[in-house]
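Results of the structural survey
Listed below are the residues making up each chain.
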Amino acid sequence: MIVDLRSDTVSRPTPEMRAAMAAAEVGDDVYGEDPTVAALEERVAGLLGHEAGLFVPSGSLGNQLGVRLLVSPGQELVCDSLAHVARAELGAAAVFAGVTFRTWPATRGRLDVDAVRGLIAPDAGPYLVSTAAIEVENTHNFGGGTVQPAEQVAAVQQLAREHGLGLHLDGARLWNAHVASGASLADLAAGFDTVSVCLSKGLGAPVGSVLVSTADRIAQARVWRKRYGAGMRQVGILAAAGLYALDHHVARLADDHERARRLAKALGADPATVDTNIVVLDVPDAAGVAVRAADQGVLVSALGPRFLRLVTHLDVDDDGIERAITVLRGAIG
Ligand SMILES: Cc1ncc(COP(=O)(O)O)c(C=O)c1O
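Residues numbered from 1 in each chain as written. Predicted model: local features only at pLDDT ≥ 70, side-chain atom pairs only at ≥ 80, totals over all residues. Heavy atoms only, no water.

**Side note on the overall build of the chain**
When helices and strands are counted, the chain shows 14 helices and 12 strands. Compactness check: the chain gives a C-alpha radius of gyration of 20 Å against a globular reference of 20 Å for 333 residues, within 12% of the reference. Counting only residues that meet the buried cut, the chain has 54% of its 333 residues in that class. Counting contacts in the chain only where the partners sit at least 6 residues apart, residues at least 24 apart contribute 75% of the total. Just so you have it, the chain exposes about 13,500 Å², and 53% of that area is on carbon and sulfur atoms. Here the chain carries 29 positive and 39 negative side-chain charges, and the mean point of each set is 4 Å from the other. (Helix = DSSP H or I, 4+ residues; strand = E, 2+ residues; numbered from the N terminus. Rg over C-alpha atoms; globule rule 2.2 N^0.38 Å. Buried < 20%, exposed > 50% of the residue type's maximum accessible area, 1.4 Å probe, protein only. Contact = heavy atoms within 4.5 Å. Areas by Shrake-Rupley, 256 points an atom, 1.4 Å probe, with all protein chains shown as cover. Lys, Arg positive; Asp, Glu negative; His and termini not counted. Charge placed at Lys NZ, Arg CZ, Asp CG, Glu CD.)

**Observations regarding helix α8 (residues 174-181)**
Considered for burial, the residues of α8 that qualify are Leu174, Trp175, Asn176 and Ala177. Those residues of α8 that are buried are in contact with α2 (35-48), β6 (166-171), α9 (185-189), β7 (194-198), α11 (236-248) and α12 (253-266).

**So, the state of the cysteines**
Any covalent bond linking the sulfur atoms of two cysteines counts as a disulfide. Tallied over the full model, the rule gives zero disulfides. For the unlinked cysteine Cys79, the closest cysteine sulfur is that of Cys198, found at 16 Å. Assessed through its relative accessible area of 0%, Cys79 is described here as buried. Since its relative accessible area comes to 2%, Cys198 is described here as buried. (Disulfide = S-S within 2.5 Å.)

**Some remarks on the pairing of strand β8 (residues 209-213)**
Counting buried positions along β8 yields five of five residues, so the element is predominantly enclosed. Every second residue of β8 is oriented toward a common face, with Ser209, Leu211 and Ser213 on one face and Val210 and Val212 on the other, all of them buried. Sheet topology places strand β2 (residues 52-56) next to β8; five bridges connect them, and they run antiparallel. For Gly53, the partnering residue across the bridge sits in β8 and is Val212. (Pairing = 2+ DSSP bridges.)

**Things to note about the sheet that holds strand β11 (residues 301-304)**
If you trace the three strands from one edge of the open sheet to the other, you get β9-β12-β11, paired in antiparallel fashion. Of all strands in the sheet, those bounded by a partner on one side alone are β9 (278-282) and β11. In this sheet, adjacent strand axes meet at a mean angle of 30° when their direction is disregarded. Examined bridge by bridge, β9 and strand β12 (residues 307-311) share five bridges and lie antiparallel to one another. Opposite Ile278, over in β12, you have Val311 as the bridge partner. (Axes fitted to C-alpha atoms, helices over the stretch in contact; angles between N-to-C directions.)

**Observations concerning the side chain of Thr14**
Along the chain, Thr14 turns up in the loop between β1 (3-4) and α1 (15-22). Every residue in contact with Thr14, bar those within four places of it in the chain, is listed here: Tyr244, His249 and Leu314.

**Quick notes on the site of the ligand**
In the region of the ligand, the neighbouring residues are Ser58, Gly59, Ser60, Asn63, His84, Glu89, Glu137, Asn141, Asp170, Ala172, Arg173 and Lys201. Gly59 places a polar main-chain atom, nitrogen or oxygen, 2.8 Å from an oxygen atom of the ligand. With respect to the ligand, the side chain of Asp170 contributes an N or O atom lying 2.6 Å from a nitrogen atom. Burial of the ligand by the protein amounts to 83% of the accessible area it has alone, namely 390 Å². Ranked by residue count, the leading element in the shell around the ligand is helix α3 (residues 59-70), at three residues. The residue inventory of the shell around the ligand, partitioned by class, reads one nonpolar, six polar and five charged. (Near = heavy atom within 4 Å. Polar contact = N/O pair within 3.5 Å; in protein donor to acceptor, adjacent residues only side chain to side chain. Nonpolar A, V, L, I, M, F, W, Y, C, P; charged D, E, K, R; others polar.)

**With respect to the packing of α2 against α11**
In contact at an axis separation of 8 Å, α2 and α11 are set at 35° when each is read in the N-to-C sense. The way α2 lies across α11 gives a crossing that is left-handed. When α2 is examined against α11, the residues Thr36, Val37, Ala39, Leu40, Arg43, Val44 and Leu47 are found in contact with a partner set consisting of Gly236, Ala239, Ala240, Gly242, Leu243, Leu246 and Asp247. For the contact of α2 with α11, the class distribution of residues is nine nonpolar, three polar and two charged. (Left-handed = near helix turned anticlockwise from the far one by under 90°.)

**Some details on the side chain of Thr131**
As for its placement among the helices and strands, Thr131 is situated in strand β5 (residues 131-137). One polar contact links Thr131 to Glu76, side chain to side chain, over a distance of 2.6 Å. Engagement of the side chain of Thr131 in a polar contact is seen with the backbone nitrogen of Ala121, the distance being 2.8 Å. Beyond its immediate stretch of four places on either side in the chain, Thr131 contacts Glu76, Val78, Arg102, Ile120, Ala121, Pro122 and Leu165.

**Focus on helix α13 (residues 286-295)**
Looking at α13, one finds that the buried residues are Ala286, Gly288, Val289, Ala290 and Ala293. Elements that come into contact with the buried residues of α13 comprise β10 (298-299), β11, β12 and α14 (318-332). Positive backbone phi, at 85°, marks Gly297, one or two positions downstream of α13.

**Observations regarding the nonpolar core**
Counting residues in each nonpolar core, the largest one holds 51 residues, and the members touching the most others are Leu40, Leu48, Phe55, Ile134 and Leu199. Among the elements that take part in this core, α11 stands out by supplying seven residues, more than any other. In this structure, Leu40 is in contact with Phe55, Leu199, Val210, Ala239, Gly242, Leu243 and Leu246, ignoring residues within four places of it in sequence. Listed in part, the 26 residues of the second largest apolar core include Val3, Ala290, Val300 and Leu310. (Core = buried A, V, L, I, M, F, W, Y, C linked by side-chain atoms within 4.5 Å.)

So this is what it looks like as structure tokens:
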């Protein structure tokens, strides 16, 4: 038995999800004629309380379109130093949109309005790069699945408003924040100009993210999506997986969260640091632990010399967690 805890992106579509995909009504989405894509975009925009949505192939593209709408070439985006958009999108905002970054250090990826205030430089004049937007990640991946504190989000939004800055939310795992905190998706997405959410992480769809914003911004994002080569045709078969996931895989995220806490407790991490489905372990020789565990069929990610990441998801059940605990205890030593 392989227990794959490297990421929640590794889960495979269930037979029921595949059946929903096979039955999907489709059309040419570049012509705006795919009814299932339109239904997904409308559904996600409604859930998040924004005017319109755009189906995109990946969370990275959702972020990139959001950032490009808010930041002009030669301006900067500020975010924390562990943010996915800064660390894991291969410099896309610089390469494609001429955007530069400055980052604040963040413990567990937690938002801290004082750090943001100390960093922003709106209208910086002819010598310094001007800040155009702030990016927030909720939950925070490399921070360990952290749910952002609501009062800090509100304070950062207030700061952005005072200085006329844009706000992008990377909500790849906003569903996890919703289930863990009890806050509505609309409340979690309120106050942001652009929000990207993923269907292919904890929700278990094979592909897909949705960017939401105003109808005007989404119309612009649609043009940029095509320009980036991501206009898609009969992709209702993929959107159907997303709709299925929204109906069947949101509430169950609570099981992933409970299993993550169980893993943390058994492996000596503080369960209080586990807000959602990601466990970060501080171990000597993380790469060595990952190799030893993999030899016994338990896959984990070594993301730094001492940084081991374990992510629970749809394809890991209680037996998988017990097996992972046994193997990882041995591998950590
Ligand atoms: C927080 C966050 N944002 C964005 C992404 C990018 O998603 P994708 O892999 O679909 O491009 C990820 C991927 O893991 C992520 O964790």
